[in-house]
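Structural features, examined
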Amino acid sequence: MTKSANLAFRLKMAKQKAEAFLRDEGITSLPVDPFAIARSRDIEVEPKPGTAGGVSGMLLRHGDVFGILYATHIKSEGFQRFSVAHELGHYFLEGHIDHVLPTDGIHTSHAGFVSADPYELEADQFAAGLLMPAGLFKRALGRHEAGLKAVEAMAELCQTSLTATAIRYAELTEDAVAVVISTGQIVDFCFFSDTLKSLPQLSWLRKGTAVPAHTATAQLNGDAQRVAQGDRVEEDIDIRDWLGGTRSARASEQVFGLGGYGKTLTILTCPSVQAETYQDEDEDDDESMTERWTPRFRG
Amino acid sequence: MTQESAPSELFRERLKAARELRELKQSELAERAKLPPSSIAHFEGGSRKPSFDTLRRLANALEVTTDYLLGRVDDPGLAEAGDPLYRDIGKLTGTDREMAKNFLEMLANKSKEKKK
(Lines give C-alpha, C1' and ligand atoms only; values in the text may rest on other atoms or scores of the structure.)
Protein backbone atom coordinates (compact mmCIF):
# COMPACT_ATOMS: atom_id res chain seq x y z
CA MET A 1 0.00 0.00 0.00
CA THR A 2 1.34 3.47 -0.79
CA LYS A 3 1.79 5.93 2.03
CA SER A 4 -1.18 8.05 1.02
CA ALA A 5 -3.42 5.03 0.48
CA ASN A 6 -2.37 3.78 3.89
CA LEU A 7 -3.26 7.12 5.47
CA ALA A 8 -6.61 7.23 3.66
CA PHE A 9 -7.33 3.77 5.06
CA ARG A 10 -6.38 4.79 8.59
CA LEU A 11 -8.62 7.84 8.38
CA LYS A 12 -11.54 5.80 7.13
CA MET A 13 -11.04 3.30 9.95
CA ALA A 14 -10.95 6.11 12.53
CA LYS A 15 -14.31 7.36 11.33
CA GLN A 16 -15.75 3.85 11.34
CA LYS A 17 -14.37 3.27 14.82
CA ALA A 18 -16.44 6.24 16.04
CA GLU A 19 -19.53 4.94 14.27
CA ALA A 20 -19.02 1.47 15.75
CA PHE A 21 -18.59 3.03 19.18
CA LEU A 22 -21.98 4.74 18.88
CA ARG A 23 -23.60 1.46 17.87
CA ASP A 24 -22.00 -0.38 20.80
CA GLU A 25 -23.17 2.31 23.19
CA GLY A 26 -26.68 2.26 21.77
CA ILE A 27 -26.54 5.92 20.71
CA THR A 28 -29.00 6.13 17.84
CA SER A 29 -30.13 9.75 17.67
CA LEU A 30 -28.68 13.16 16.87
CA PRO A 31 -27.16 15.24 18.27
CA VAL A 32 -24.47 13.06 19.82
CA ASP A 33 -23.23 14.51 23.10
CA PRO A 34 -19.43 14.21 23.42
CA PHE A 35 -19.58 15.63 26.96
CA ALA A 36 -21.88 12.80 28.05
CA ILE A 37 -19.60 10.24 26.39
CA ALA A 38 -16.64 11.66 28.34
CA ARG A 39 -18.67 11.46 31.55
CA SER A 40 -19.56 7.85 30.80
CA ARG A 41 -15.82 7.08 30.85
CA ASP A 42 -15.22 9.15 33.96
CA ILE A 43 -13.19 11.72 32.01
CA GLU A 44 -13.25 15.21 33.53
CA VAL A 45 -14.08 17.87 30.93
CA GLU A 46 -13.42 21.55 31.58
CA PRO A 47 -13.45 24.65 29.39
CA LYS A 48 -10.43 26.91 29.15
CA PRO A 49 -11.39 30.51 29.90
CA GLY A 50 -12.99 32.24 26.94
CA THR A 51 -10.19 34.70 26.38
CA ALA A 52 -7.42 32.13 26.07
CA GLY A 53 -6.35 31.25 22.55
CA GLY A 54 -3.75 28.55 21.98
CA VAL A 55 -4.57 24.90 21.48
CA SER A 56 -8.11 23.74 20.73
CA GLY A 57 -7.96 21.02 23.33
CA MET A 58 -5.84 18.79 25.50
CA LEU A 59 -6.13 15.25 26.74
CA LEU A 60 -4.50 14.95 30.13
CA ARG A 61 -3.77 12.01 32.34
CA HIS A 62 -2.67 11.71 35.89
CA GLY A 63 -2.22 8.12 36.88
CA ASP A 64 -5.52 6.46 36.11
CA VAL A 65 -7.51 9.69 35.94
CA PHE A 66 -8.15 11.37 32.60
CA GLY A 67 -9.30 14.84 31.71
CA ILE A 68 -10.03 17.03 28.68
CA LEU A 69 -9.52 20.78 28.55
CA TYR A 70 -11.13 22.49 25.57
CA ALA A 71 -10.83 25.97 24.15
CA THR A 72 -13.73 28.40 24.21
CA HIS A 73 -12.14 31.41 22.51
CA ILE A 74 -14.03 30.41 19.39
CA LYS A 75 -17.60 30.96 20.47
CA SER A 76 -19.14 28.36 18.20
CA GLU A 77 -20.65 25.55 20.22
CA GLY A 78 -20.06 23.31 17.23
CA PHE A 79 -16.33 24.00 17.33
CA GLN A 80 -16.18 23.27 21.05
CA ARG A 81 -18.08 20.01 20.69
CA PHE A 82 -15.77 19.04 17.84
CA SER A 83 -12.72 19.82 20.00
CA VAL A 84 -13.97 17.55 22.78
CA ALA A 85 -14.87 14.82 20.28
CA HIS A 86 -11.35 15.15 18.81
CA GLU A 87 -9.78 14.54 22.23
CA LEU A 88 -12.10 11.56 22.69
CA GLY A 89 -10.58 10.31 19.43
CA HIS A 90 -7.16 10.30 21.07
CA TYR A 91 -8.68 8.45 23.99
CA PHE A 92 -10.54 5.79 22.01
CA LEU A 93 -8.32 5.19 18.98
CA GLU A 94 -5.90 2.32 19.04
CA GLY A 95 -2.23 3.21 19.09
CA HIS A 96 -2.70 6.81 20.18
CA ILE A 97 -0.94 6.01 23.43
CA ASP A 98 2.28 6.22 21.45
CA HIS A 99 1.39 9.58 20.01
CA VAL A 100 0.25 11.34 23.10
CA LEU A 101 2.45 9.83 25.74
CA PRO A 102 6.14 9.82 24.92
CA THR A 103 7.07 11.58 28.14
CA ASP A 104 4.14 13.44 29.53
CA GLY A 105 0.64 13.41 30.87
CA ILE A 106 -0.54 16.06 28.45
CA HIS A 107 -1.59 15.90 24.89
CA THR A 108 -2.48 19.08 23.04
CA SER A 109 -4.44 19.35 19.84
CA HIS A 110 -5.43 21.67 17.09
CA ALA A 111 -8.74 20.15 16.08
CA GLY A 112 -10.53 20.98 12.88
CA PHE A 113 -8.57 19.74 9.88
CA VAL A 114 -5.65 22.15 10.28
CA SER A 115 -2.89 19.67 11.10
CA ALA A 116 -1.01 17.32 8.78
CA ASP A 117 -0.05 14.92 11.59
CA PRO A 118 -1.72 11.54 10.87
CA TYR A 119 -2.72 11.09 14.52
CA GLU A 120 -4.38 14.51 14.55
CA LEU A 121 -6.12 13.75 11.25
CA GLU A 122 -7.32 10.45 12.68
CA ALA A 123 -8.73 12.24 15.72
CA ASP A 124 -10.49 14.74 13.41
CA GLN A 125 -12.03 11.89 11.45
CA PHE A 126 -13.09 10.19 14.67
CA ALA A 127 -14.77 13.43 15.75
CA ALA A 128 -16.56 13.76 12.39
CA GLY A 129 -17.75 10.16 12.57
CA LEU A 130 -18.82 10.53 16.19
CA LEU A 131 -20.83 13.73 15.78
CA MET A 132 -22.04 12.99 12.23
CA PRO A 133 -22.30 9.20 11.90
CA ALA A 134 -22.95 8.17 8.30
CA GLY A 135 -26.18 6.23 8.83
CA LEU A 136 -28.00 8.81 10.93
CA PHE A 137 -26.62 11.69 8.88
CA LYS A 138 -27.76 10.25 5.56
CA ARG A 139 -31.20 9.41 6.86
CA ALA A 140 -31.75 12.96 8.09
CA LEU A 141 -30.19 14.47 4.98
CA GLY A 142 -32.77 12.89 2.71
CA ARG A 143 -35.36 15.35 3.95
CA HIS A 144 -33.54 18.49 2.84
CA GLU A 145 -33.06 20.41 -0.35
CA ALA A 146 -29.50 20.14 -1.70
CA GLY A 147 -27.01 22.89 -0.97
CA LEU A 148 -26.49 25.40 1.82
CA LYS A 149 -29.95 24.76 3.27
CA ALA A 150 -29.14 21.09 3.77
CA VAL A 151 -25.82 21.97 5.40
CA GLU A 152 -27.47 24.48 7.73
CA ALA A 153 -30.20 22.04 8.71
CA MET A 154 -27.69 19.27 9.36
CA ALA A 155 -25.41 21.60 11.34
CA GLU A 156 -28.36 22.47 13.53
CA LEU A 157 -29.36 18.85 13.96
CA CYS A 158 -25.83 17.60 14.72
CA GLN A 159 -24.80 20.77 16.56
CA THR A 160 -21.65 20.97 14.50
CA SER A 161 -19.97 23.91 12.79
CA LEU A 162 -21.01 24.81 9.25
CA THR A 163 -17.53 24.00 7.98
CA ALA A 164 -17.30 20.53 9.53
CA THR A 165 -20.87 19.79 8.48
CA ALA A 166 -20.27 20.93 4.91
CA ILE A 167 -17.26 18.60 4.60
CA ARG A 168 -19.27 15.65 5.90
CA TYR A 169 -22.14 16.64 3.61
CA ALA A 170 -19.89 16.47 0.53
CA GLU A 171 -18.77 13.03 1.67
CA LEU A 172 -22.22 11.56 2.23
CA THR A 173 -24.68 13.27 -0.11
CA GLU A 174 -25.87 11.63 -3.28
CA ASP A 175 -26.24 15.02 -4.96
CA ALA A 176 -23.55 16.50 -7.17
CA VAL A 177 -21.95 19.12 -4.94
CA ALA A 178 -18.61 20.72 -4.24
CA VAL A 179 -17.76 22.36 -0.93
CA VAL A 180 -15.08 25.03 -0.98
CA ILE A 181 -13.64 26.92 1.98
CA SER A 182 -11.66 30.02 1.03
CA THR A 183 -9.92 32.94 2.67
CA GLY A 184 -9.63 36.09 0.57
CA GLN A 185 -8.91 34.96 -2.97
CA ILE A 186 -7.25 31.70 -1.94
CA VAL A 187 -8.84 28.24 -1.66
CA ASP A 188 -8.23 26.60 1.75
CA PHE A 189 -9.72 23.29 0.74
CA CYS A 190 -12.30 21.76 -1.53
CA PHE A 191 -14.31 18.55 -1.42
CA PHE A 192 -16.31 16.94 -4.25
CA SER A 193 -19.21 14.57 -3.68
CA ASP A 194 -18.98 11.22 -5.46
CA THR A 195 -21.77 12.14 -7.84
CA LEU A 196 -19.99 15.34 -8.86
CA LYS A 197 -16.84 13.35 -9.60
CA SER A 198 -18.75 11.66 -12.43
CA LEU A 199 -18.42 14.85 -14.49
CA PRO A 200 -15.58 14.41 -16.95
CA GLN A 201 -12.21 16.08 -16.46
CA LEU A 202 -13.00 18.44 -13.63
CA SER A 203 -10.01 20.25 -12.26
CA TRP A 204 -9.36 19.81 -8.59
CA LEU A 205 -9.19 23.07 -6.66
CA ARG A 206 -6.05 22.51 -4.71
CA LYS A 207 -5.21 24.18 -1.44
CA GLY A 208 -3.55 27.51 -2.19
CA THR A 209 -4.98 27.98 -5.68
CA ALA A 210 -6.89 31.15 -6.53
CA VAL A 211 -10.67 31.40 -6.23
CA PRO A 212 -11.89 31.63 -9.87
CA ALA A 213 -12.17 35.29 -10.86
CA HIS A 214 -15.57 36.91 -11.44
CA THR A 215 -17.43 34.37 -9.32
CA ALA A 216 -19.80 35.44 -6.55
CA THR A 217 -17.33 34.00 -4.04
CA ALA A 218 -14.46 36.08 -5.43
CA GLN A 219 -16.64 39.16 -5.16
CA LEU A 220 -17.83 38.49 -1.62
CA ASN A 221 -14.30 37.63 -0.50
CA GLY A 222 -13.13 40.95 -1.86
CA ASP A 223 -15.12 42.68 0.87
CA ALA A 224 -13.89 41.65 4.34
CA GLN A 225 -16.79 43.41 6.03
CA ARG A 226 -19.38 41.41 4.14
CA VAL A 227 -17.55 38.18 5.05
CA ALA A 228 -17.40 39.26 8.70
CA GLN A 229 -21.10 40.07 8.89
CA GLY A 230 -22.06 36.73 7.38
CA ASP A 231 -23.46 37.94 4.06
CA ARG A 232 -24.76 35.35 1.67
CA VAL A 233 -25.13 35.34 -2.10
CA GLU A 234 -26.65 32.85 -4.49
CA GLU A 235 -26.00 32.78 -8.21
CA ASP A 236 -26.83 30.55 -11.15
CA ILE A 237 -23.64 29.44 -12.87
CA ASP A 238 -22.18 26.86 -15.19
CA ILE A 239 -20.10 24.34 -13.23
CA ARG A 240 -17.26 24.96 -15.70
CA ASP A 241 -16.90 28.52 -14.32
CA TRP A 242 -15.48 26.90 -11.19
CA LEU A 243 -14.23 23.48 -12.05
CA GLY A 244 -13.51 23.44 -15.77
CA GLY A 245 -14.21 20.05 -17.28
CA THR A 246 -15.63 19.21 -20.65
CA ARG A 247 -19.32 19.10 -19.95
CA SER A 248 -21.48 22.16 -19.43
CA ALA A 249 -23.84 21.79 -16.49
CA ARG A 250 -26.15 24.28 -14.87
CA ALA A 251 -25.29 24.78 -11.23
CA SER A 252 -25.90 27.03 -8.31
CA GLU A 253 -23.20 28.81 -6.32
CA GLN A 254 -24.11 29.61 -2.73
CA VAL A 255 -21.64 31.68 -0.75
CA PHE A 256 -21.75 32.37 2.94
CA GLY A 257 -19.36 34.56 4.95
CA LEU A 258 -18.25 32.65 8.04
CA GLY A 259 -17.77 35.73 10.22
CA GLY A 260 -14.79 37.27 11.98
CA TYR A 261 -12.24 34.67 10.89
CA GLY A 262 -12.39 35.88 7.30
CA LYS A 263 -13.36 32.54 5.81
CA THR A 264 -16.07 31.84 3.30
CA LEU A 265 -18.07 28.70 2.66
CA THR A 266 -19.08 28.06 -0.95
CA ILE A 267 -21.38 25.27 -2.01
CA LEU A 268 -21.73 24.44 -5.68
CA THR A 269 -24.77 22.32 -6.41
CA CYS A 270 -25.28 20.73 -9.77
CA PRO A 271 -28.80 19.25 -9.82
CA SER A 272 -28.73 18.47 -13.53
CA VAL A 273 -25.95 15.93 -13.10
CA GLN A 274 -28.09 13.69 -11.00
CA ALA A 275 -31.16 14.32 -13.11
CA GLU A 276 -29.22 13.15 -16.16
CA THR A 277 -28.11 10.00 -14.41
CA TYR A 278 -31.69 9.16 -13.53
CA GLN A 279 -32.73 9.89 -17.08
CA ASP A 280 -30.07 7.52 -18.37
CA GLU A 281 -31.37 4.83 -16.10
CA ASP A 282 -34.82 5.20 -17.61
CA GLU A 283 -33.54 4.79 -21.13
CA ASP A 284 -32.92 1.31 -22.34
CA ASP A 285 -30.21 2.35 -24.69
CA ASP A 286 -27.22 0.09 -25.19
CA GLU A 287 -25.18 2.79 -26.78
CA SER A 288 -25.48 5.16 -23.86
CA MET A 289 -24.63 2.29 -21.51
CA THR A 290 -21.47 1.55 -23.45
CA GLU A 291 -20.62 5.23 -23.37
CA ARG A 292 -21.15 5.38 -19.65
CA TRP A 293 -19.17 2.29 -18.76
CA THR A 294 -16.15 3.09 -20.88
CA PRO A 295 -13.47 4.26 -18.54
CA ARG A 296 -12.19 7.73 -19.18
CA PHE A 297 -8.57 8.45 -18.62
CA ARG A 298 -7.83 11.87 -17.37
CA GLY A 299 -5.03 13.68 -19.08
CA MET B 1 15.64 12.66 23.94
CA THR B 2 16.96 9.18 24.64
CA GLN B 3 15.85 6.29 22.51
CA GLU B 4 13.15 4.77 24.68
CA SER B 5 10.75 2.08 23.66
CA ALA B 6 7.36 3.34 22.55
CA PRO B 7 4.67 3.03 25.25
CA SER B 8 2.92 0.35 23.22
CA GLU B 9 6.12 -1.75 23.14
CA LEU B 10 6.53 -1.64 26.91
CA PHE B 11 2.82 -2.30 27.23
CA ARG B 12 3.15 -5.71 25.53
CA GLU B 13 5.58 -6.97 28.12
CA ARG B 14 3.84 -5.38 31.06
CA LEU B 15 0.47 -6.77 30.09
CA LYS B 16 1.86 -10.29 30.01
CA ALA B 17 3.72 -9.82 33.29
CA ALA B 18 0.63 -8.47 35.04
CA ARG B 19 -1.58 -11.22 33.65
CA GLU B 20 0.85 -13.87 34.88
CA LEU B 21 1.06 -12.14 38.24
CA ARG B 22 -2.71 -12.44 38.57
CA GLU B 23 -2.61 -15.97 37.17
CA LEU B 24 -5.15 -15.30 34.47
CA LYS B 25 -5.46 -16.94 31.08
CA GLN B 26 -5.72 -14.59 28.11
CA SER B 27 -9.37 -15.49 27.67
CA GLU B 28 -10.10 -14.91 31.36
CA LEU B 29 -8.53 -11.48 31.26
CA ALA B 30 -10.47 -10.60 28.10
CA GLU B 31 -13.69 -11.56 29.80
CA ARG B 32 -12.93 -9.51 32.88
CA ALA B 33 -12.03 -6.47 30.79
CA LYS B 34 -15.06 -7.00 28.51
CA LEU B 35 -12.89 -7.29 25.43
CA PRO B 36 -13.07 -9.77 22.53
CA PRO B 37 -11.42 -13.11 23.54
CA SER B 38 -8.60 -12.89 20.99
CA SER B 39 -7.67 -9.31 21.84
CA ILE B 40 -5.20 -10.15 24.62
CA ALA B 41 -3.18 -12.39 22.31
CA HIS B 42 -3.08 -9.54 19.79
CA PHE B 43 -1.91 -7.04 22.39
CA GLU B 44 0.74 -9.33 23.84
CA GLY B 45 1.92 -10.32 20.38
CA GLY B 46 2.15 -6.68 19.36
CA SER B 47 -0.11 -6.96 16.32
CA ARG B 48 -2.56 -4.52 17.90
CA LYS B 49 -2.03 -1.47 20.04
CA PRO B 50 -4.46 -0.48 22.74
CA SER B 51 -6.39 2.76 23.10
CA PHE B 52 -6.43 4.61 26.41
CA ASP B 53 -9.91 3.25 26.95
CA THR B 54 -8.69 -0.34 26.56
CA LEU B 55 -5.63 0.42 28.66
CA ARG B 56 -7.81 1.53 31.52
CA ARG B 57 -10.09 -1.49 31.26
CA LEU B 58 -7.09 -3.80 31.37
CA ALA B 59 -5.57 -1.94 34.32
CA ASN B 60 -8.86 -2.27 36.22
CA ALA B 61 -9.26 -5.94 35.35
CA LEU B 62 -5.68 -6.67 36.43
CA GLU B 63 -5.83 -4.41 39.47
CA VAL B 64 -2.66 -2.61 38.42
CA THR B 65 -2.18 1.03 37.45
CA THR B 66 -2.11 2.33 33.90
CA ASP B 67 1.35 3.68 34.72
CA TYR B 68 2.55 0.15 35.35
CA LEU B 69 1.11 -1.07 32.05
CA LEU B 70 2.77 1.85 30.28
CA GLY B 71 6.12 1.03 31.85
CA ARG B 72 6.27 4.25 33.84
CA VAL B 73 6.64 2.59 37.21
CA ASP B 74 7.93 -0.86 38.08
CA ASP B 75 5.59 -1.63 40.95
CA PRO B 76 2.17 -2.78 39.69
CA GLY B 77 0.41 -0.91 42.49
CA LEU B 78 2.10 2.43 41.98
CA ALA B 79 1.09 5.38 39.88
CA GLU B 80 3.63 7.84 38.58
CA ALA B 81 4.45 10.70 40.93
CA GLY B 82 2.43 13.80 40.19
CA ASP B 83 5.01 15.72 38.25
CA PRO B 84 3.88 15.77 34.68
CA LEU B 85 6.49 16.40 32.05
CA TYR B 86 5.60 18.58 29.16
CA ARG B 87 6.12 17.43 25.65
CA ASP B 88 6.04 20.11 23.00
CA ILE B 89 6.49 22.69 25.67
CA GLY B 90 7.45 25.21 23.03
CA LYS B 91 4.04 24.86 21.46
CA LEU B 92 2.13 25.60 24.63
CA THR B 93 1.58 29.26 25.34
CA GLY B 94 2.08 30.58 28.86
CA THR B 95 -1.60 30.44 29.73
CA ASP B 96 -2.07 26.98 28.22
CA ARG B 97 0.84 25.69 30.26
CA GLU B 98 -0.53 27.25 33.41
CA MET B 99 -4.00 25.85 32.80
CA ALA B 100 -2.67 22.39 32.00
CA LYS B 101 -0.74 22.44 35.26
CA ASN B 102 -3.75 23.46 37.32
CA PHE B 103 -5.95 20.92 35.62
CA LEU B 104 -3.42 18.16 36.23
CA GLU B 105 -3.33 19.10 39.90
CA MET B 106 -7.09 18.71 40.01
CA LEU B 107 -6.80 15.30 38.34
CA ALA B 108 -4.09 14.33 40.79
CA ASN B 109 -6.40 15.19 43.70
CA LYS B 110 -9.15 13.18 42.13
CA SER B 111 -6.71 10.32 41.72
CA LYS B 112 -5.82 10.52 45.43
CA GLU B 113 -9.46 10.60 46.49
CA LYS B 114 -10.14 7.50 44.45
CA LYS B 115 -7.53 5.55 46.31
CA LYS B 116 -8.94 6.41 49.71
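Provided above is the structure to which this section pertains.
These numbers were taken from a predicted model, which means no experiment stands behind them. (Residues numbered from 1 in each chain as written. Chains lettered and ligands numbered in written order. Predicted model: local features only at pLDDT ≥ 70, side-chain atom pairs only at ≥ 80, totals over all residues. Heavy atoms only, no water.)

1. Notes on the packing of helix α6 (residues 134–141) of chain A against helix α7 (residues 148–158) of chain A
For any two helices packed against each other, the geometry comes down to the angle between their axes and how far apart the axes lie. Residue and element names in this part refer to chain A. For the pair α6 and α7, the least separation of the axes is 10 Å and the interaxial angle reads 130°. Accordingly, the angle class assigned to the pair α6 and α7 is oblique. The hand of the α6/α7 crossing is right-handed. Contact residues: Phe137, Ala140 and Leu141 in α6; Ala150, Met154, Leu157 and Cys158 in α7. In the contact of α6 with α7, the residues fall into seven nonpolar, no polar and no charged. (Axes fitted to C-alpha atoms, helices over the stretch in contact; angles between N-to-C directions. Helix = DSSP H or I, 4+ residues; strand = E, 2+ residues; numbered from the N terminus. Parallel < 35°, antiparallel > 145°, perpendicular 65-115°, else oblique. Left-handed = near helix turned anticlockwise from the far one by under 90°. Contact = heavy atoms within 4.5 Å. Nonpolar A, V, L, I, M, F, W, Y, C, P; charged D, E, K, R; others polar.)

2. What to know about the packing of aromatic side chains
On inspection of all chains with the given rule, the structure shows ten aromatic pairs over all chains. Considering the side-chain rings of Phe66 of chain A and Phe52 of chain B, the 5.3 Å spacing of their centres and the 65° angle between planes classify their relative orientation as edge-to-face. Taken together, the residues span two chains, with Phe66 of chain A in strand β3 (residues 65–70) and Phe52 of chain B in helix α4 (residues 52–62). Overall, Phe52 of chain B belongs to the buried group, its relative accessible area being 2%. On the numbers, 6.4 Å between centres and 15° between planes, the contact of Tyr91 of chain A with Phe52 of chain B is stacked. Highlighted residues: Tyr91 of chain A in helix α3 (residues 77–92) and Phe52 of chain B in helix α4, drawn from two different chains. Within the aromatic cluster, the residues linked to one another by ring pairs are Phe21, Phe66, Tyr91, Phe92 and Phe126 of chain A together with Phe52 of chain B. Just above the ring of Tyr119 of chain A sits the side chain of Arg10 of chain A; from NZ or CZ to the centre is 5.2 Å. (Phe/Tyr/Trp six-rings, centres within 6.5 Å; stacked < 30°, edge-to-face > 60°. Buried < 20%, exposed > 50% of the residue type's maximum accessible area, 1.4 Å probe, protein only. Lys NZ or Arg CZ within 6 Å of the ring centre and 35° of its normal.)

3. A few points about the state of the cysteines
Residue and element names in this part refer to chain A. All chains considered together, the criterion is met by zero disulfides over all chains. In this structure Cys190 is a free cysteine whose sulfur lies 13 Å from that of Cys270, the closest cysteine sulfur available. For Cys190, a relative accessible area of 6% gives the class buried. (Disulfide = S-S within 2.5 Å.)

4. Some details on unusual backbone geometry
Residues and elements named next belong to chain A. Leu30 connects to Pro31 through a cis peptide bond whose omega is 0°. With respect to the element layout, Pro31 can be found in the loop between α1 (3–25) and α2 (34–40). A positive phi is found at Gln201, a non-glycine position, where the angle reads about 55°. When you line up the elements, Gln201 lands in the loop between β6 (186–192) and α9 (216–221). The phi angle at His214 is positive, at roughly 70°, despite the residue not being glycine. Structurally, His214 is set in the loop between β6 and α9.

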